[in-house]
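Here is how the chains run, residue by residue.
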Amino acid sequence: MELVGDEVGRLVELRRHLHQYPELRFTEHGTAKVLADRLAGLGEIRTGVARTGLVVHLPGIAPGPAVLLRADMDAYPVQDAKDVPYASVHPGVCHACGHDVHMTVAVGVARRFAADPPPRGSLTVLFQPAEEIPFGEESGAALVLAEDPFTRPRFDAVLGLHCWPELPAGAVGVDRETAMAAKDAFRVLLRGRPAHAATPARGRDAILGLTTLVGSLHAAVARSRDPHDLVAFNVGTIAGGRTQSLVADRAEATGTLRTHEPAVRARLKEVVERVARQQAAAFDLGIEFTWANEMPAIRNAPELVALAHRELPGHVAVADLAEPPLTTDDFALLGALGPSLYVKLGVRGAAGGAPLHSAEFDVDERCLDTGVTALDRLTRAVLAGALTGDSPEAGRAGGAADDAGATGPVPAVGA
């Protein structure tokens, strides 16, 4: 079922408003008010969740299974460089990761659910703040779990989606197992001894130690991973020193290690920390090494992957994603609430295609229809018993999926 014209227009208007007035993590007060206004009267709304988020509970006609749909709210700290009427009016803040689209799609799903409630079951929509997590700061998803704002301890399915410039508008991508990687952020602080630049032998140079360490860390990670391991290592910030004429007594770097497999993750974390400590000792420097924002990988539940391939073709294009990315998301933590599926929403088109987190990021707004259609159909299938085989439709779909599986995976779209 496609959106009708008026519905599309309302969603486009909402997405552009959210894009024009973005807010950073835990400051999403205006965003939350706009969402609450758009959802008023549809169901029970709880505000102030995880400080600035909200939860909307929408019942079906009778009790039954329950689905949780999550959309992240916060913008990214980058200057919007687009020349469009809906460009961000807040300097240095932009929805460069598509969270405006995620929220708009979730509103569309909620409105469709309320207008045509299913015979049984319920939908809970979580608008979560603070998915973007600077080093050592709090995850919005972690805070949601700590507060536990839901009416039940577990859900039959936890659904979400993320804008994906690699896919065209009109398509959704479904990862076979891992939808996003694990991420471990680190900070290494080296402490030396100051000295005049004319007498460097009297000091211990923290900057020299750190610049050498950066290369050593990259080399150590590269030589400690097998060729088939999907790994990304990055040193993203370096700071140190007080003046050009003084041997620096302090230098600091932060970075990330991204992996897919737990064993690889554990081994490389040990390598990174060990090499950092060895290099500090070699330069006679003190060291403080800290891990933070340790986020697990997002694992798609196999039964939900199969459900997506059964339910979505014929309504939206479905890309079978064989190689998972090394991006990360704290949606991973919400897997504690039930089997989860995190799909990739194609946004490439006339106005889309710029990389995530870039100043030029935008989307082809045809993706809004695709996102609402995909998540609405998945939600209704779960509530109809498609995962448990409670409905005749589930049984027939299961047989079709078995037949399709014999011919190979669903081909990728636009790749």
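Residues numbered from 1 in each chain as written. Predicted model: local features only at pLDDT ≥ 70, side-chain atom pairs only at ≥ 80, totals over all residues. Heavy atoms only, no water.

Novice: Hey, could you run me through the sheet that holds strand β8 (residues 182-191) in this one?
Specialist: Hydrogen bonds between backbone groups are what pair the strands of a sheet, and the pairing can be parallel or antiparallel. One open sheet accounts for four strands, arranged β10-β12-β8-β13; its pairing is antiparallel. Two strands bound the open sheet, and with one partner strand each, they are β10 (231-240) and β13 (286-295). On average, each strand axis in the sheet is tilted by 15° relative to the strand beside it, whichever way the strands run. Taken together, the eight bridges between β8 and β13 define a ladder with antiparallel strand orientation. By the bridge assignment, Ala185 is partnered in β13 with Ala292. Running at roughly 175° to β10, helix α5 (residues 206-223) makes contact with β8, β10 and β12 (250-259) of the sheet. Strands in contact with helix α6 (residues 262-282) are β8, β10, β12 and β13; relative to β13, the strand with the most contacts, it is inclined by about 160°. (Pairing = 2+ DSSP bridges. Helix = DSSP H or I, 4+ residues; strand = E, 2+ residues; numbered from the N terminus. Axes fitted to C-alpha atoms, helices over the stretch in contact; angles between N-to-C directions. Contact = heavy atoms within 4.5 Å.)

Novice: Please clarify how the sheet that holds strand β15 (residues 317-321) should be interpreted in this entry.
Specialist: A sheet is described by the order of its strands in space; here eight strands give the open sequence β1-β2-β4-β3-β5-β16-β6-β15, paired in mixed fashion. A single partner strand is all that each edge strand has here, and the edge strands are β1 (44-49) and β15. The mean angle between the axes of side-by-side strands here comes to 25°, regardless of whether they run parallel or antiparallel. Pairing geometry for strand β2 (residues 53-59) and strand β4 (residues 120-128), over six bridges, is antiparallel. Paired with Val56 across the strands is Val125, a residue of β4. Those strands touched by helix α4 (residues 140-147) are β1 and β4, and its axis lies near 130° from that of β4.

Novice: Would you mind going over the confidence of the model for the chain with me for this structure?
Specialist: In low-pLDDT regions, the fine details of the predicted coordinates are not to be read closely. The predicted model of the chain has a mean per-residue pLDDT of 93, with 93% of residues at 70 or higher. For residues 394-415, every residue scores under 50 in pLDDT, and the model assigns this stretch 26 contacts once sequence neighbours within four places are set aside. (pLDDT = per-residue confidence, 0-100.)

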